[in-house]
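Residue-level structural notes
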Amino acid sequence: MTCLISSTAVAQLVCLPAPRLLTTMPMGGQVGTSFDVTITGEHLENAEELSFSNPGITATKKLGKDGQPVPNTYVVSIAKDCPQGIHEARVMTRLGVSSTRAFNVGTFPEITRTKPNTALENALKLDLNTLCNAVMTAQNVDFYTFEATKGQRIVVDCAAKGIDSKLNPVVIIADEQGMDLLVERRGGMLDFQVPESGKYVIKLHGLTYDGGPHHFYRLAIRSVAKDELVPRLPAIQTVSAFSWPPPGLTDKSVRPEAEPNNQHAQAQKITLPCDITGSFFPAADVDTFEFTAKKGEVWWVEVASERLGRPTDPSIVVQHISGQAPDETRTDVVELSDIASPVKISSNGYSYDGPPYNAGSSDIIGKLEIKQDGVHRLQLRDLFGGTRNDPQNIYRLIIRKAEPDFALVGWSLHMNLRNGDRNALSKPIALRAGATMPIEVVVVRRDGFDGEIDLFMENLPEGVTAAGLKIPKGKTRGIMLISAEANATRGLTSAAFFGRATIDGKVVTRPCRMASMQWPVKDGWGEVPSPRLLADVPVSVSNSELAPITISPVENKVWEVTAGEKLSIPLVHARRSEFSGANVTLNTYGAGFEGVPAFDAPLTADSSTVDLDLAALKTQPGDYKISFYGYAVVKYRENLEAVAAAKTAVMQAQQEADALAAESQKLAELAKTAPDAQRAGAETAAKAAAEKVKAAQAAVTTADKQLKSATATAAPKDIVDIIVSTPITIRVNPAKKAN
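I will try to describe carefully the structure that is included in this document.

About the cut-offs
- Residues numbered from 1 in each chain as written.
- Predicted model: local features only at pLDDT ≥ 70, side-chain atom pairs only at ≥ 80, totals over all residues.
- Heavy atoms only, no water.
- 1 Å grid on protein atoms, 1.4 Å probe; cavity = no way out; pocket = protein on both sides within 12 Å on 5 of 7 lines; lining within 4 Å.
- Points joined across faces, edges and corners; volume = space filled by probe spheres on them.
- Helix = DSSP H or I, 4+ residues; strand = E, 2+ residues; numbered from the N terminus.
- Nonpolar A, V, L, I, M, F, W, Y, C, P; charged D, E, K, R; others polar.
- Expected span 1.5 Å × (residues − 1).
- Buried < 20%, exposed > 50% of the residue type's maximum accessible area, 1.4 Å probe, protein only.
- Contact = heavy atoms within 4.5 Å.
- Axes fitted to C-alpha atoms, helices over the stretch in contact; angles between N-to-C directions.
- Parallel < 35°, antiparallel > 145°, perpendicular 65-115°, else oblique.
- Left-handed = near helix turned anticlockwise from the far one by under 90°.
- Pairing = 2+ DSSP bridges.
- Phe/Tyr/Trp six-rings, centres within 6.5 Å; stacked < 30°, edge-to-face > 60°.
- Lys NZ or Arg CZ within 6 Å of the ring centre and 35° of its normal.

1. What about the layout of surface pockets?
A probe as big as a water molecule, rolled over the atoms, marks out the empty space that is left. The computed volume of the second largest pocket comes to approximately 440 Å³. Along the walls of the second largest pocket sit 22 residues, with Thr465, Ser483, Asn556, Thr726 and Pro727 positioned nearest its centre. If you list the elements that add at least two residues to the lining of the second largest pocket, you get β38 (477-484), β43 (549-553) and β52 (728-733). No other element matches the three residues that β43 contributes to the lining of the second largest pocket. Residues belonging to the lining of the second largest pocket are distributed by class as follows: seven nonpolar, 10 polar and five charged.

Laid out in structure tokens, this is it:
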């Protein structure tokens, strides 16, 4: 598992700086349009290209009237054929690619609010079937108006949490005087039947009246047909959604549930296998299905609802039915509920004693073994549906013969703290040259599959390699190691991430989704982390800064050893930074070798040796990949390039000031001795030269301030971070048989 820092750790900062994109304004746009986008974030120095997960969205730097780029501002263009929905925006910086931010593409015309609208008198007028991008005004209410006719159906939808915002919106439709008519406090849509033609008001505020730049929203107002089913604005996916849908699923054979089917006597007759769609509506809805099955049959039951983005908790009870109503006997066969998390998640929701990512779900994947011939009844309900009354709380119920398969998700490993702090950082795959980054990968196994899974990546930047530490048979966790060579050049790609296994004699390859935190939570006493799935897997490498240390085997080869014997591997330490402490304590990643006792590697030496006792480990013959990991406190110096550039700027400014001062002195002396007829002109030239000297001296002062600022930023800071060796390949050969 990841490194744990004890309460005695002296470091105050965790994880080396990483670029993070925090806001874009606006947060999306209409297909076929171009518009300005302004970004903000952390460690975005020297931000260059803004890019997106879909090639249909492009960006160029916006130029000012002087022809120079406007800081952090881009002109974004969305192609007419760009898919609607959520895409990812990210920016390339001196430290590599930033974390991503949700970027939305739709078909409605869009506007961005630019003036305050915190009173009825300055409410912003919205046309129907438009969308407004805005930032919530703190401790206030944002006002909008629209006009509609009697009988018209108006739907108002506010996207916030679903687009990476920290806002919990309260949305109100009011009359022209601002008196409330319809209120939504739980993030749902407002479906409004217009009582009289005229002007109406939309009021919007945070649940606790919070606001500010991280509390952005997209407000859509639509005129829709009376019976039209109106979809929500697109939203990001929770981590749990990675396990849906099953491979090869289509809508070809899906059929709707048939209400009423709440009571046993109303059970909907079905045959197996089946694929049914329905909803947990109205409140306390119980959908009952009846089928016939034979003893010994084995079926697999899967329900998706929470993974479809709904706030539901499906539960199933299957009973065998004997006799006739009203004297029938019902015998429980199985009760099915949650998909368990593949790994133990952190006990406090933060990166503390495990990952803050929960890859489990309140949905269902479960086994149904028929124990008697005859009629069976399946009851499906939302465990907390008595308090929910939303027709959009849909589900998909699938009952099938076993189709063994798997789904994968991964995330960048974090430091886990035990010193009173709590963190859950958004951590992009932004490699410093010479670094190895570990990605934790977990699997949800479907329909009894328990084989081993190999992990691999493709389309990586030049100088970057990936080595998957496989998920062993019957296990749920593996590690992907992404390494950048020390001489790697700057680069960015959208990588392809996969797992591969053999199922029923066939090689099966499945994609691995990536997850990340929406926001970097550095001290979580006042903020709950919110992880989500990403649309793609951006990987970058930067040589602006090098990894503090690279630990690697002395030779890049397959290290061979006989089962039951010992293997010594000499390690090389390429040190590029100072550290607090003399040693780094290393543990071992990799199936077959995770029992290697922790050992110390010196941080003040160029080499060390690790001894592996295969007799103690009981490692079986085969090929293995392993890596060593631990944590170290780096004396990190940030952006030394800026210090060097600032020193050069000071020197150049001082040289120019000295040259102008000398020239000014020369002109002043000439003015004193100039003939009367030329004296006025000479004095004017001397004064002009003196003004240039003042401007040059001011430039020296500015450059000196910038040097002091850069020097202060680059002052050594103790930062604790994960240290991971480059991967090592080991071949364990069978022991020779005794004669």
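Right, picking up where we left off after that structure.
2. Some details on empty space enclosed by the protein
A complete count under the given rule lists five cavities of 30 Å³ or more for this structure. Roughly 380 Å³ of internal volume is contained in the largest cavity. Surrounding the largest cavity, 24 residues form its lining, Leu16, Arg432, Ala435, Met437 and Asp721 being those nearest its centre. Elements with a contribution of two residues or more to the lining of the largest cavity: β34 (429-433), β35 (436-446) and β51 (717-724). Counting residues per element, the lining of the largest cavity draws most heavily on β51, which supplies four residues. Per-class residue counts for the lining of the largest cavity are 19 nonpolar, one polar and four charged. Lining the second largest cavity are 17 residues, and of these Lys427, Pro428, Ile429, Ser516 and Leu534 sit closest to its centre. Among the elements that line the lining of the second largest cavity, the one with the most residues is strand β40 (residues 506-517), at three residues. A breakdown of the residues in the lining of the second largest cavity according to their chemical character gives nine nonpolar, seven polar and one charged.

3. Some details on helix α3 (residues 676-713)
Counted at 1.5 Å a residue, the expected span for α3 with its 38 residues is 56 Å, and the 56 Å between its end C-alpha atoms agrees. Among the residues making up α3, those that are buried are Ala682, Ala686, Ala689, Val693, Ala696, Val700, Ala703, Leu707 and Ala710. Elements in contact with the buried residues of α3: α2 (640-673).

4. Regarding the packing of α2 against α3
As a packed pair, α2 and α3 sit with axes 8 Å apart at the nearest point and diverge in direction by 165°. With respect to α3, the axis of α2 lies roughly antiparallel. At the point where α2 passes α3, the crossing takes the left-handed sense. In the contact of α2 with α3, the residues fall into 24 nonpolar, five polar and six charged.

5. Side note on α2
An α-helical turn contains 3.6 residues, so any two residues separated by three or four positions project in the same direction. The first and last C-alpha atoms of α2 sit 50 Å apart over 34 residues, in line with the 50 Å expected at 1.5 Å per residue. Within α2, burial applies to Val643, Ala646, Val650, Ala653, Ala657, Ser664 and Ala671. Contact partners of the buried residues in α2: α3.

6. A word on the sheet that holds strand β5 (residues 34-42)
Spatial strand order, β3-β5-β8-β7: four strands in an open sheet with antiparallel pairing. Of all the strands in the sheet, just β3 (20-25) and β7 (57-63) have a single pairing partner and so form its edges. On average, adjacent strands in this sheet sit at an angle of 40° to one another, irrespective of strand direction. The pairing of β3 with β5 spans five bridges and is antiparallel. Bridging from a neighbouring strand, Arg20 pairs with Glu42 of β5.

7. Side note on the pairing of β52
What you see with β52 is a clean split: Ile728, Ile730 and Val732 sit on the buried side and Thr729, Arg731 and Asn733 on the side with no burial. Bridge analysis of strand β44 (residues 558-562) against β52 gives five bridges, and the strand direction is parallel. Across the sheet, residue Val561 finds its bridge partner in β52, namely Val732. Bridging between strand β50 (residues 622-636) and β52 involves five bridges; their strand directions are antiparallel. Following the sheet pairing, Lys625 is matched in β52 by Thr729.

8. Quick look at the environment of Ala601
By the element assignment, Ala601 lies in strand β48 (residues 599-602). Between the alpha carbons of Ala601 and Ile551 there is a distance of 9.4 Å; along the sequence they are 50 residues apart. Setting aside its immediate chain neighbours within four residues, Ala601 contacts His573, Ala582, Asn583, Val584, Leu586 and Ser608.

9. Comments concerning the sheet that holds β43
The strand order across the open sheet formed by three strands is β43-β45-β49, and the pairing between neighbours is antiparallel. Two strands bound the open sheet, and with one partner strand each, they are β43 and β49 (607-613). The sheet shows a mean angle of 25° between the axes of neighbouring strands, taken without regard to direction. Two elements, strand β45 (residues 566-575) and β49, share seven bridges in a ladder whose sense is antiparallel. Within the sheet, the bridge partner assigned to Pro570 lies in β49 and is Thr609.

10. Examining the packing of aromatic side chains
One pass over the full model with this rule turns up 12 aromatic pairs. An aromatic cluster of three or more residues is present, and its members are Phe35, Phe52 and Phe103. Positioned above the aromatic ring of Trp299, the side-chain terminus of Lys401 is 4.2 Å from the ring centre. Here the basic side chain of Arg500 rests over the ring of Phe456, its NZ or CZ set 4.2 Å away from the ring centre.

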